[in-house]
Structure formats: C-alpha cells, structure tokens
Amino acid sequence: MKQFFILFISFFTFIVNAQKPCDFSTNVTDSIGKYKSTRDYIVHERNFGNTSSYLFFSLVLTDQTPTLNIQMIQKSKDFIKATCFDKNSRLFVQLLNGKIITLIAMDQENCGTSIRDEKGFNNRISSVVFMFMKNSFEDLKSSPISYIRIKSLTETQDYIFKKEFVSEMDGKTYSPENYFIDTLHCITD
C-alpha cells in the first residue's frame with residue numbers, strides 16, 4: 001500500500017510539472033530546411049481612454065536558429081509616433097531570480113507601419129526579431145519574467161509582466177510571467 005501511495009504521488013507530481021504542449025502557427029520541414037513558429041501570445045496589454053497598446057511574443061526556429069519575434073500594436077485617435085528598430089536595438093529581460101538576459105535585434109531597420117481604420121483610429125504595427133545569446137536558455141526556462149526593457153533606435157520602453165491577466169481584446173487568460181518557461185522548449189528541445 002505504501003508503494004502504491006508513493007507511486008501515485010510521483011505520478012501526480014509528474015503530471016502537474018509536465019511541460020505545456022506546443023501550439024505552432026507554422027511547422028514546416030522541406031528540402032530548404034526547417035521552420036517552426038509558435039502562435040502570437042499577448043504578454044502585455046494597456047487600455048486607457050482612446051488608446052490601446054499590445055505586445056505579442058512568438059518563438060521561431062529557422063534551421064536551428066532560435067529567435068524571439070515581438071510585435072507591438074498601438075491604436076489611438078491621436079497621432080502615434082514611430083518606434084524604430086535597427087541592429088543596435090536590444091531586449092533586456094529581468095527575471096524574478098535577479099538575472100538579466102540580453103537579446104540582440106537582427107540587422108533589419110524597421111519603423112513599423114501606420115494604418116488608419118474605418119473608425120478613424122490610427123494604428124501602428126511594429127515588428128522586430130531578437131536573437132538569443134548563447135547559454136541564456138537555462139535561465140529563461142527556470143525563472144519567471146519580472147519585466148522587460150526594449151531599447152529601440154528612437155526610445156526605451158519598460159513593460160512590467162503580470163503573473164496572469166484576462167485580455168480585454170479577446171477575453172482569454174494569459175500568463176506572461178511564465179512565457180519562456182512554458183514555451184521555450186518548443187524550439188530548443
């Protein structure tokens with residue numbers, strides 16, 4: 001009976017601590033190579049008055065090169081200034097264990113795209129791809145995110161990560177603090 005109880009507790013612990021399944025938007029292997037991309041995941045959302053901003057993460061593996069794609073979407077009745085990225089742009093990830101991980105932007109200049117919708121809102125969509133530094137995966141897999149700092153060509157923005165929030169955009173619950181813990185295995189294992 002004692003062995004059965006220990007086996008049951010071990011099995012239950014394994015199930016609770018198991019990795020979350022990977023949710024890919026693209027998973028292709030062909031003669032050119034391999035490409036995997038996780039679905040966009042909201043890690044930060046801010047709604048105030050007539051202004052909204054969203055920050056999405058997705059992980060991409062292109063022929064054994066893992067990257068983090070960030071998409072910033074801003075919506076406002078007012079003018080939205082451009083946020084430009086270049087090879088000197090950086091992403092600093094502050095983990096809850098105190099470590100800071102730096103990711104470097106790929107060598108692409110990008111100031112996003114501005115679109116005016118039918119309701120009279122100005123929308124700015126900016127995307128940037130960051131490369132992971134060597135030996136940063138274990139820290140990212142083992143500790144939640146406290147906040148991030150995005151240093152672009154035009155400004156520096158800080159985002160405090162919540163343990164969990166319900167998005168006003170789609171009504172779903174997101175856990176941005178554990179983003180890398182939950183999804184990094186999808187492109188590194």
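Residues numbered from 1 in each chain as written. Predicted model: local features only at pLDDT ≥ 70, side-chain atom pairs only at ≥ 80, totals over all residues. Heavy atoms only, no water.

**Here we look at the overall build of the protein chain**
Let me state the cut-off plainly: Per the convention used, a helix needs a DSSP run of H or I reaching at least four residues, while a strand needs a run of E reaching at least two, with both numbered from the N terminus. Contacts are assigned to residue pairs with any non-hydrogen atoms lying within 4.5 Å of each other. Using a 1.4 Å probe, the Shrake-Rupley method yields the accessible areas, and only the shown protein chains count as cover for residues.
In terms of helices and strands, the protein chain carries four helices and 13 strands. Restricting to contacts in the protein chain with at least 6 residues of sequence separation, those with at least 24 account for 58%. Just so you have it, the protein chain exposes about 11,600 Å², and 55% of that area is on carbon and sulfur atoms.

**Comments concerning the pattern of salt bridges**
Heads up, the rule is: Salt bridge, as applied in this entry: a Lys or Arg side-chain nitrogen positioned within 4 Å of an Asp or Glu carboxyl oxygen.
On inspection of all chains with the given rule, the structure shows six salt bridges. Taking the shortest distance from any N to any O, the salt bridge between E155 and K81 comes out at 3.3 Å. Taken together, the residues span a long stretch of sequence, with E155 in the loop between strand 10 (145-151) and strand 11 (156-160) and K81 in the loop between strand 5 (65-76) and strand 6 (90-95) at a distance of 74 residues.

**Quick look at the environment of T26**
Counted only if it meets this: Partly exposed residues are those whose accessible area sits between 20% and 50% of the maximum for their type, while under 20% is buried and over 50% is exposed, using a 1.4 Å probe and protein chains only.
Relative to the helices and strands, T26 is located in strand 1 (residues 24-29). Owing to a relative accessible area of 28%, T26 belongs among the partly exposed residues under this scheme. Remark: the alpha-carbon pair of T26 and S37, spanning eleven residues in sequence, is separated by 5.1 Å. In this structure, T26 is in contact with Y35, K36 and S37, ignoring residues within four places of it in sequence.

**So, the pairing of strand 4 (residues 51-62)**
As a reminder of what qualifies: In short, DSSP must find at least two bridges between two strands for them to pair.
The buried fraction of strand 4 is high, at ten of twelve residues. Here strand 2 (residues 34-38) pairs with strand 4 via three bridges, running antiparallel. Note that in strand 4 the partner of K36 across the bridge is L61. Relative to strand 5, strand 4 runs antiparallel, the two being bridged by eleven bridges. Along strand 5, the bridge assignment pairs S53 with Q74. Linking strand 4 to strand 5, which pair antiparallel, is a turn of two residues; within it D63 sits at a positive phi near 45 degrees.

**Observations concerning the state of the cysteines**
Worth spelling out the cut-off: The rule for a disulfide is simple: a pair of cysteine sulfur atoms within 2.5 Å.
The final tally for this structure, using the stated rule, is two disulfides. The disulfide that involves C22 links it to C186, with 2.1 Å between the sulfurs. Measuring handedness by torsion sign, the sulfur bridge of C22 and C186 sits at about -105 degrees and is left-handed. Taken as a pair, C22 in the loop between helix 1 (2-17) and strand 1 and C186 in helix 4 (residues 185-188) lie far apart in primary sequence, 164 residues in all.

**Observations concerning the confidence of the model for the protein chain**
The criterion, for reference: Confidence scores here are pLDDT values: one per residue, from the predictor, ranging 0 to 100.
Looking at the protein chain as a whole, its pLDDT mean stands at 88, while 90% of the residues score no less than 70. Mean pLDDT across the elements of the protein chain bottoms out in helix 1 (42) and peaks in strand 6 (97). Segment residues 3-17: pLDDT under 50, and zero contacts once partners within four positions in sequence are set aside and those in other chains are kept.

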